[in-house]
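Topology and contacts: notes
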Amino acid sequence: MDWFFNFPSMERNDLREFKKSVDFTFTDFTRSYGADIEGFFEPLLMFLVWFEKFFINTPWPLIILMILVFAWFGSRSISVLVGTLISFLTIGYFGMWEDTMSTLAIILVATFLCISIGIPMGIAMARSNKIQALVVPILDIMQTIPSFVYLIPVVMLLGIGKVPGLIAVCIYAIPPIVRLTNLGIRLVDKDVLEASDSFGANYWQKLFGVQMPLALPTIFAGVNQTIMMALAMVVIASMIGVKGLGLPVLRAISNQYLALGLMNGLAIVVLAIIFDRVTQKFGLRMQKYRNDGKD
Amino acid sequence: MSKNDILIKVNQLYKIFGDDSNEALNLVKGGMGKDELLEKCNCVLGLNKINLDIRKAKIQVVMGLSGSGKSTLIRHLNRLIEPTSGEILVNNQDILSLSQKELIQFRQNNMSMVFQKFALFPHKTVLQNVGYGLAIQNIPVSEWNERAKKWINRVGLDGYETYYPGQLSGGMQQRVGLARALATDAEILLMDEAFSALDPLIRSEMQNILLDLQNELHKTIIFITHDLDEALKIGDRIAILRDGSMVQDSDPQKNYYGTSR
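Residues numbered from 1 in each chain as written. Chains lettered and ligands numbered in written order. Predicted model: local features only at pLDDT ≥ 70, side-chain atom pairs only at ≥ 80, totals over all residues.

Turning to the overall build of chain B, a few remarks are in order. Of regular secondary structure, chain B possesses 11 helices and 10 strands. Since a compact globule built from 261 residues should have a radius of gyration of about 18 Å, the 19 Å found for chain B is in line with a globular shape. A principal-axis box enclosing the C-alpha atoms of chain B has dimensions of 55 × 45 × 40 Å. Out of the 261 residues in chain B, the part that is buried amounts to 45%. (Helix = DSSP H or I, 4+ residues; strand = E, 2+ residues; numbered from the N terminus. Rg over C-alpha atoms; globule rule 2.2 N^0.38 Å. Buried ≥ 20, exposed ≤ 12 C-beta atoms within 10 Å, placed from the backbone.)

The following block contains the structure:
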C-alpha cells in the first residue's frame, strides 16, 4: 500500500540525471551558438544604446518639449499636457532625470519591437484558425510563466545586459497586442466585409481598407496594455543589467531605503499614467466616426 | 436585341449547408425534403433545384418568407456563397468556372449589391463609401471623386459628402448604399431586401427613386423582398421561393390572381 500514500515518483538518481542532461544540452547549445545569437542581436543593441544616449544627451528642455508635443498629438487635452509637464519637472527636480530617460528609451524600443512583431502575428492569427490554435497556448505560457524562469535561459544565452533585458520585457509585454489585434480583426462586422467582397476587393484591400481601420481602436487598446506591461517589467529587467528606474528600486529593496524605493517607484507610476492617458485619448479620437454629430 | 433577352441563367442549382453535402445532395436529388434531410444528415437544404432565367434590363423580384433561401440565392449570383451543384451563366459565361482573380474582376465590373442592413463602411465618409467600388479598381482619386459626387447628387444627398454613415438616418444610409452600388456602372444590381429595414413611408419613397433610376438606366435588377406590395409595385417578373424550392416564376398579374388563371 506504500504507493497509495506516497506518490510513486522517479528515482532520485534518475531525476538528477534528467535535470543534468537538460542543463548540459542547453549549455552545449549556448557554447556553440551563443556568439552567433549575440551577433544577431548586435544591431538591436546598437540601436538601443544610440536611442538611450539620444535621450540622455539631449538637453532636458528639448526632451520635455518633445514629450509635450507627443502628449498633445496623442491627447489634444490641456490637462494631460499640464500633468505631463509637472510630472517631468518633479522627476528632474528629485534627481531621477537620467534614470527616467534610460527607462523611457527601453520602453519605447520594447514597444516598437512588440508592435512590429505583434501586429503581423495578430493578423496571421485572425486569418487562420490553425495559426490561432497554435499561437494562443504560446501566449498563455508567455503571460503566466514567472518571469524569472525565462530569465534563466536568456541570461545563459546572452549574458547580462541590455539585450537580454529587452527580450525579457518583450516576452512579457507582447501578448496583449497580439491577442487584441486578432480579436479586433475578428470582430469586424461580417456584413461590412461581405459588402467589400461584393465590390471585388482583394485580401489586402479588405485588410488595409476595412479590417485594420475598424479594428484600430481594439489594436490600440493592445498597444496601451503592451506599454503598461513593459513598464511593469523594468524592475525585473534591472536585475539582469538594464539601467533605469528599476535599478534604484532594486537597491532600495536590498538596503531598505524607503525614500529611494518610493521615489523611483512613483516615477515609474507617473510614466505609466502619462503613457496610458495619452494612448487612451488617442484611441478614443480614432473612433470619432462612431459618435453622432459632425466634428 | 429583343426585349426578352436572357442575361442570367440559373440551371439546376443546389445548395446544401453542412459537412457531408455530397451525400446529402444525392438524397435531395432523390426527392428528400428539407425537414427529413436535417434529421438524417444534419444538413440544411438551402436551395433545391433552382431554375431561373433573368431578363436583361428588367426587375426580377424573388419573394419568399424568411428562411426560404432568397438571400442564399442572390449571393450565388456573385459567388459570395458557393453552390453545391449547378450552373450559373451570366452573358453565357459560366461564373462558377472563374478563378479567384477573374471573380474579383467580375465583381468589380459586372455586379454590385445593396444590402438589407446597409453594410456601409462606418469609418469612411459618404463620398468614400459611394466611391469604394471605384477606388478599389485603382481609378485615380479625382476621377472617382467626381463620379461618386454625381451619384450622391442623383440619390439626393448633395451636401452630405463629408458625413459618416453613423450621422445619417436609415433612409439616407440606404441611399448611400444605392449610390455605392450604382457608382461602378455595373450592369447587374443585386438588392437583398434593400428596403425592408426602412419604415413604410421611406420605403415607398425609395421604391420610387429606384423606379425612376431604372427608367433611365435600364439595369438588370434582382430584387429580394418578403413584401408582396413591394414585389407588385416594382417587379417585372416575380419568382417565389419556398423552403429552398422555386414555386413559381411569372409576371406579376399571374402571381397576384393565382396560377389557376
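Let's shift gears to the overall build of chain A. Of regular secondary structure, chain A possesses 14 helices and 0 strands. Counting from the amino terminus, chain A carries its helices and strands in the arrangement α-α-α-α-α-α-α-α-α-α-α-α-α-α. The dimensions of chain A, computed from C-alpha atoms along their principal axes, are 75 × 60 × 45 Å. Buried positions account for 34% of the 295 residues belonging to chain A. When contacts within chain A are restricted to residue pairs at least 6 apart in sequence, those whose partners lie at least 24 apart make up 76%. (Contact = placed C-beta atoms within 7 Å.)

A word on the environment of B:Gly133. With respect to the helices and strands, B:Gly133 occurs in helix α6 (residues 132-135). The exposure class assigned to B:Gly133 is buried, which follows from the 30 C-beta atoms found within 10 Å. The spacing of B:Gly133 and B:Thr184 is 51 residues in sequence and 5.9 Å in space, taken between C-alpha atoms. In contact with B:Gly133, other than residues within four places in its own chain, are A:Phe199, B:Gln108, B:Ser112, B:Arg180, B:Ala183 and B:Thr184.

To continue, consider the pairing of strand β3 (residues 59-63) of chain B. Residue and element names in this part refer to chain B. Here β3 lies mainly inside the structure; 5 of its 5 residues are buried. Of the two faces of β3, the one holding Ile-59, Val-61 and Met-63 and the one holding Gln-60 and Val-62 are both buried throughout. Relative to strand β8 (residues 220-225), β3 runs parallel, the two sharing 5 bridges. Note that in β8 the partner of Val-62 across the bridge is Ile-224. Where β3 and strand β9 (residues 237-242) come together, 4 bridges link them in parallel fashion. Bridging from a neighbouring strand, Met-63 pairs with Ile-240 of β9. (Pairing = 2+ DSSP bridges.)

Glancing now at the interface of chain A and chain B. Across the contact, 19 residues belong to chain A and 22 residues belong to chain B. No other element matches the 6 residues that helix α10 (residues 190-198) of chain A contributes to the side of chain A that touches chain B. Per-class residue counts for the side of chain A that touches chain B are 8 nonpolar, 5 polar and 6 charged. (Nonpolar A, V, L, I, M, F, W, Y, C, P; charged D, E, K, R; others polar.)

All right, on to helix α9 (residues 162-186) of chain A then. Residues and elements named next belong to chain A. Here α9 is 25 residues long and its end C-alpha atoms lie 36 Å apart, about the 36 Å a rise of 1.5 Å per residue gives. Ala-173 marks the point of greatest bend in α9, at about 40°, and the proline Pro-175 comes within the next four residues. With respect to burial, α9 is a largely interior element, 22 of its 25 residues being buried. (Expected span 1.5 Å × (residues − 1). Bend = angle between axes of the 7 residues up to and from the residue.)

Looking now at unusual backbone geometry. Residues and elements named next belong to chain B. Although it is not a glycine, Ala-119 adopts a positive phi angle of roughly 50°. We classify Ala-119 as buried; it has 24 C-beta atoms within 10 Å. In this model, Asp-243 sits at a positive phi of 50°, which is unusual for a non-glycine residue. Relative to the elements of secondary structure, Asp-243 occurs in the loop between β9 and β10 (245-250).

All names here are of chain A. If you check the domain split of chain A, you get domain 1 (10-40) and domain 2 (43-290). The C-alpha-based centres of domain 1 and domain 2 are spaced at 32 Å. Domain 1 puts 5 residues into the contact, and the matching count from domain 2 is 4 residues. (Domains from an automatic or database assignment.)

Turning our attention to the packing of helix α5 (residues 78-93) of chain A against helix α14 (residues 258-286) of chain A. All names here are of chain A. Running from amino to carboxyl end, α5 crosses α14 at an angle of 160°, the nearest separation of the two axes being 11 Å. By the angle between their axes, α5 is roughly antiparallel relative to α14. In this structure, the crossing between α5 and α14 has a hand that is left-handed. Contacts between α5 and α14 involve Val-80, Thr-84, Ser-87 and Ile-91 from the former and Ala-267, Val-270, Ile-274, Arg-277, Val-278 and Lys-281 from the latter. Looking at the contact of α5 with α14 residue by residue, the class counts come to 6 nonpolar, 2 polar and 2 charged. (Axes fitted to C-alpha atoms, helices over the stretch in contact; angles between N-to-C directions. Parallel < 35°, antiparallel > 145°, perpendicular 65-115°, else oblique. Left-handed = near helix turned anticlockwise from the far one by under 90°.)

Take the nonpolar core next. With 135 residues, the main nonpolar core has A:Ala110, A:Val169 and A:Ala173 as its most contacted residues. Of the residues forming this core, the biggest block, 14 residues, is contributed by helix α6 (residues 97-127) of chain A. (Core = buried A, V, L, I, M, F, W, Y, C linked by C-beta atoms within 7 Å.)

All names here are of chain A. It is the contact of helix α8 (residues 147-158) with α9, at a shortest axis distance of 10 Å, that shows an interaxial angle of 145°. Here the hand of the crossing between α8 and α9 comes out right-handed. Facing Ser-147, Tyr-150, Leu-151, Val-154, Val-155 and Leu-158 of α8, the residues of α9 in contact are Val-163, Pro-164, Ile-167, Ala-168, Ile-171 and Tyr-172. Here the contact of α8 with α9 is built from residues that sort into 11 nonpolar, 1 polar and no charged.

As a further point, take helix α2 (residues 12-40) of chain A. Counted at 1.5 Å a residue, the expected span for α2(A) with its 29 residues is 42 Å, and the 40 Å between its end C-alpha atoms agrees. Within α2(A), only 0 of the 29 residues are buried, which leaves it mostly out in the open.

All names here are of chain B. With respect to the helices and strands, Leu-189 occurs in strand β7 (residues 188-192). Looking at Leu-189, the number of C-beta atoms within 10 Å reads 24, which means it is buried. For the pair Leu-189 and Leu-38, spaced 151 residues apart in the sequence, the C-alpha separation amounts to 33 Å. Excluding its chain neighbours within four sequence positions, the residues that come into contact with Leu-189 are Ser-112, Ala-181, Lys-219 and Ile-221.

What follows is about the pairing of β9(B). Residue and element names in this part refer to chain B. A large share of β9 lies buried, amounting to 5 of its 6 residues. Note: β9 against β10, 5 bridges, orientation antiparallel. What sits directly across from Arg-242, in β10, is Ser-245. Here β9 folds back onto β10, and the loop between the two strands holds 2 residues, one of which, Asp-243, carries a positive phi near 50°.

Right, let's get into the confidence of the model for chain B. Parts of the prediction with low pLDDT should not have their coordinates interpreted in detail. With 95% of its residues at a pLDDT of at least 70, chain B reaches an overall mean of 89. Two summary scores accompany this predicted model of the complex, namely pTM at 0.86 and ipTM at 0.88. (pLDDT = per-residue confidence, 0-100.)

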